[in-house]
Amino acid sequence: MKEKIMKEKMTVTFESYSWNEAFARVTAAAFLLHQNPDMEELDDIRTAVSEAVTNAIIHGYRDSHGMVTMEMEIEDKVVSVMIHDDGCGIPDVAKAREPMYSSCPELERSGMGFSFMEAFMDELSVKSKVGCGTTVHMKKRLGVKKYE
Amino acid sequence: MTQYYVSGDCLTVVLPEELDDHSCQSIRWQVLQYLQEDDIDCLIFDFSNTVFMDSSGIGVIISCCRHVRKIGGEMMIQNESGRIKRLLRISGIYQLTNTMGVLGDE
């Protein structure tokens, strides 16, 4: 009989091109497929990954270019996602997490990226240092019905 | 792929399957072109093909709405699925629009 795997990990590193936003969320969903998550959970994680990776590309690297790393882990139905960039960093994380706040209002962005990550995942933490990049950690437990 | 149809004073934008930062980049620019060059006072976002949207999509819709209102027009949203509807609702976008979805659905 096949051994039951309790913990599983994966890591991908990709270039900060905007088309890789789709690559990241498809990869995240594919990693979780054999856990049989329901569509709602999968959509939540895809959206949260898309937000974090978009932030890394748009805000972390801005007009520069670099690598974005996504690590995922699943253990006992809890999905952990880490998205890291080596970009410019966030000077004031608390400010950046405020709903509707955007560091570049001239781009007419919604400023709802972190709000969406918070809304769709169970936990969110953001570590950032100016000049050194940003790391976003998110967690979500699968199999919990939230939206009835 | 995003499709644009002009009929009279109405511009319909049929949004792509996945509405994210990457696919949004050209939409804002295209809509602004239409608003400047044609006599548009009604902007319709059609979500028939759209299965994924994130906050970048919300950003482009709010921005286009602002531009069409500036010229005295209005924005409508149609054919959005349950998931998209939830995202639009939590973003407060329905307060900016006339919804054309199925009656009693919202």
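Just so it is clear, the model here is predicted, and its values are computed rather than measured.

How would you summarise the overall build of chain A if you had to cite specific residues and measurements?
Looking only at helices and strands, chain A features 4 helices and 5 strands. When the helices and strands of chain A are placed in sequence order, the string is β-α-α-β-β-α-α-β-β. Relative to the compact-globule value of 15 Å for 148 residues, chain A shows a C-alpha radius of gyration of 15 Å, a close match. C-alpha extents for chain A along the principal axes are approximately 55 × 35 × 25 Å. For chain A, the proportion of contacts with a sequence separation of at least 24, taken over those separated by at least 6, is 67%. Counting every atom, chain A has about 7,800 Å² of accessible surface; 55% of that belongs to carbon and sulfur. For chain A, the separation between the mean place of its 18 positive charges and that of its 25 negative charges on side chains is 4 Å.

Would you mind going over the packing of aromatic side chains in detail, with residue names and values included?
What describes a pair of aromatic rings is the distance from one ring centre to the other and the angle between the planes of the rings. Tallied over the full model, the rule gives 4 aromatic pairs over all chains. Between A:Tyr17 and A:Trp19 the ring centres are 4.5 Å apart and the planes differ by 15°, which places this aromatic pair in the stacked class. A cation sits over an aromatic face here: B:Arg83 above A:Phe120, 4.8 Å from the ring centre.

Mind laying out the sheet that holds strand 5 (residues 133-141) of chain A, listing which residues take part and the relevant values?
Residue and element names in this part refer to chain A. Reading across from one edge, 1-2-3-5-4 is the order of the 5 strands in this open sheet, with antiparallel pairing throughout. Unpaired on one side and paired on the other, strand 1 (7-15) and strand 4 (123-129) mark the two borders of the sheet. Neighbour-to-neighbour, the strand axes of the sheet open up by a mean angle of 10°, direction not taken into account. Bridging between strand 4 and strand 5 involves 7 bridges; their strand directions are antiparallel. Each residue of the ladder has a partner; that of Glu123, found in strand 5, is Lys139.

Explain a negative patch on the surface to me, and be specific about the residues and the numbers.
Together, B:Asp9, B:Glu37, B:Asp38, B:Asp39, B:Asp41 and B:Glu74 make up a negatively charged patch on the protein surface. Note on placement: B:Asp38 falls in the loop between helix 1 (21-37) and strand 4 (42-46).

Cut-offs applied
- Residues numbered from 1 in each chain as written.
- Chains lettered and ligands numbered in written order.
- Predicted model: local features only at pLDDT ≥ 70, side-chain atom pairs only at ≥ 80, totals over all residues.
- Heavy atoms only, no water.
- Helix = DSSP H or I, 4+ residues; strand = E, 2+ residues; numbered from the N terminus.
- Rg over C-alpha atoms; globule rule 2.2 N^0.38 Å.
- Contact = heavy atoms within 4.5 Å.
- Areas by Shrake-Rupley, 256 points an atom, 1.4 Å probe, with all protein chains shown as cover.
- Lys, Arg positive; Asp, Glu negative; His and termini not counted.
- Charge placed at Lys NZ, Arg CZ, Asp CG, Glu CD.
- Phe/Tyr/Trp six-rings, centres within 6.5 Å; stacked < 30°, edge-to-face > 60°.
- Lys NZ or Arg CZ within 6 Å of the ring centre and 35° of its normal.
- Pairing = 2+ DSSP bridges.
- Axes fitted to C-alpha atoms, helices over the stretch in contact; angles between N-to-C directions.
- Patch = residues over 30% accessible without salt bridge, like charges linked within 9 Å, V, L, I, M, F, W, Y side chains within 5 Å.
- Salt bridge = Lys/Arg side-chain N within 4 Å of Asp/Glu carboxyl O.

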